[in-house]
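Examination of the molecular architecture
So the chains spell out like this:
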Amino acid sequence: MVTRETERDRGGQGGPGDQPDRRDRRDRRDRRDRRLTIGVVAFRWIFVLALLRMFATPATKDLFDEELLPSPTWEWALCSLTPGLLIWLARGPEDWQQLAGERSLLRIALAFYFLYALAFALGQDVLVLWIAVAASLAGFAGMWHLNRKEHSSAH
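Residues numbered from 1 in each chain as written. Predicted model: local features only at pLDDT ≥ 70, side-chain atom pairs only at ≥ 80, totals over all residues. Heavy atoms only, no water.

1. Re the overall build of the chain
Regarding its fold elements, the chain presents six helices and zero strands. Starting at the N terminus, the α and β elements of the chain follow one another as α-α-α-α-α-α. Taking all contacts inside the chain whose residues are at least 6 apart in sequence as the whole, residues at least 24 apart take part in 62%. (Helix = DSSP H or I, 4+ residues; strand = E, 2+ residues; numbered from the N terminus. Contact = heavy atoms within 4.5 Å.)

2. Details of a nonpolar patch on the surface
Together, Val 41, Trp 45, Val 48, Leu 49 and Leu 52 give the surface a local cluster of nonpolar side chains, amounting to about 510 Å² of exposed area. Mapping Val 41 onto the fold places it in helix H1 (residues 18-64). (Patch = residues over 30% accessible without salt bridge, like charges linked within 9 Å, V, L, I, M, F, W, Y side chains within 5 Å. Areas by Shrake-Rupley, 256 points an atom, 1.4 Å probe, with all protein chains shown as cover. Salt bridge = Lys/Arg side-chain N within 4 Å of Asp/Glu carboxyl O.)

3. Focus on a positive patch on the surface
A surface patch of positive charge is lined by Arg 25, Arg 26, Arg 28, Arg 29, Arg 31, Arg 34, Arg 35, Arg 91 and Lys 149. The element best represented in the positive patch is H1, accounting for seven residues. Position of Arg 26 among the secondary structure elements: in helix H1. (Lys, Arg positive; Asp, Glu negative; His and termini not counted. Charge placed at Lys NZ, Arg CZ, Asp CG, Glu CD.)

4. Here we look at helix H5 (residues 103-123)
Here H5 spans 30 Å end to end across 21 residues, near enough to the 30 Å set by a 1.5 Å rise per residue. Turning to H5, its buried residues number three or more, namely Arg 103, Leu 106, Ala 109, Leu 110, Tyr 113, Phe 114, Tyr 116, Ala 117 and Ala 121. Just downstream of H5 lies Asp 125, where phi reads positive at about 55 degrees. (Expected span 1.5 Å × (residues − 1). Buried < 20%, exposed > 50% of the residue type's maximum accessible area, 1.4 Å probe, protein only.)

5. Structural notes on the nonpolar core
Membership of the largest hydrophobic core comes to 28 residues, with the highest contact counts inside it found for Trp 76, Leu 86, Ile 87, Trp 96, Leu 99 and Tyr 113. Looking at which element gives the most residues to this core, the answer is H5, with eight residues. Excluding residues that lie within four positions of it along the chain, Ile 87 makes contacts with Trp 96, Leu 106, Leu 110, Gly 139, Gly 142, Met 143 and Leu 146. (Core = buried A, V, L, I, M, F, W, Y, C linked by side-chain atoms within 4.5 Å.)

6. Quick notes on the environment of Leu 99
In this structure, Leu 99 sits in the loop between helix H4 (93-98) and H5. When the C-alpha atoms of Leu 99 and Thr 37 are compared, they prove to be 9.5 Å apart, with 62 residues separating the residues in sequence. With near-sequence residues (within four places) excluded, Leu 99 lies in contact with Leu 36, Val 40, Leu 86 and Ala 90.

7. Brief notes about a negative patch on the surface
On the surface, Asp 21, Asp 24, Asp 27 and Asp 30 cluster together into a patch of negative charge. Mapped onto the secondary structure, Asp 24 falls in helix H1. Residue Asp 24 is classed as partly exposed on the basis of its relative accessible area, which comes to 40%.

8. Notes on helix H3 (residues 81-89)
Among all positions of H3, only Thr 82, Pro 83, Leu 86 and Ile 87 are buried. Down the axis, H3 shows its buried residues gathered within 140 degrees of arc, on one side only. Turned more than 90 degrees away from the buried face of H3 sit Leu 85 and Trp 88, all of them exposed. (Arc of directions from axis to C-beta.)

9. Considering the packing of H3 against H5
As a packed pair, H3 and H5 sit with axes 9 Å apart at the nearest point and diverge in direction by 145 degrees. Crossing of H3 against H5: the hand is left-handed. Between H3 and H5, the contacting residues are Thr 82, Pro 83, Leu 86 and Ile 87 on the first element and Leu 106, Ala 109, Leu 110 and Tyr 113 on the second. Taken together, the residues of the contact of H3 with H5 sort by class into seven nonpolar, one polar and no charged. (Axes fitted to C-alpha atoms, helices over the stretch in contact; angles between N-to-C directions. Left-handed = near helix turned anticlockwise from the far one by under 90°. Nonpolar A, V, L, I, M, F, W, Y, C, P; charged D, E, K, R; others polar.)

In structure tokens form, the structure reads like this:
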């Protein structure tokens, strides 16, 4: 006969299965919080690096009288995926609420990636930048969806 050992049997105060459920939920929440924190830090660093990369091209032309670095293309498309990934990671209501302080930076990054990618995709006919345009639009759509979901759950 298999018996189920409970927290009370081990000297605890809770009912059967009470503490392990709480511990599991707390562990899941801690992992989710840690993942979200890492995502925010990665998003910020990648955005700063993307800005530096964008301004490196004109800076090398000014400093050395020749363009040592071409304008960003494929790396810009990769960088533009990070806000969307962070929004996807925070798709739960609790997680989205945790990103309340980051939303304005997310909007700025999405707009920046979008405008740069659209201008160079149209102006210089760089096809890979259409990935950045699509990723930015998807990020804006994700933010709009999560904001609507948050607003409707508040009422």
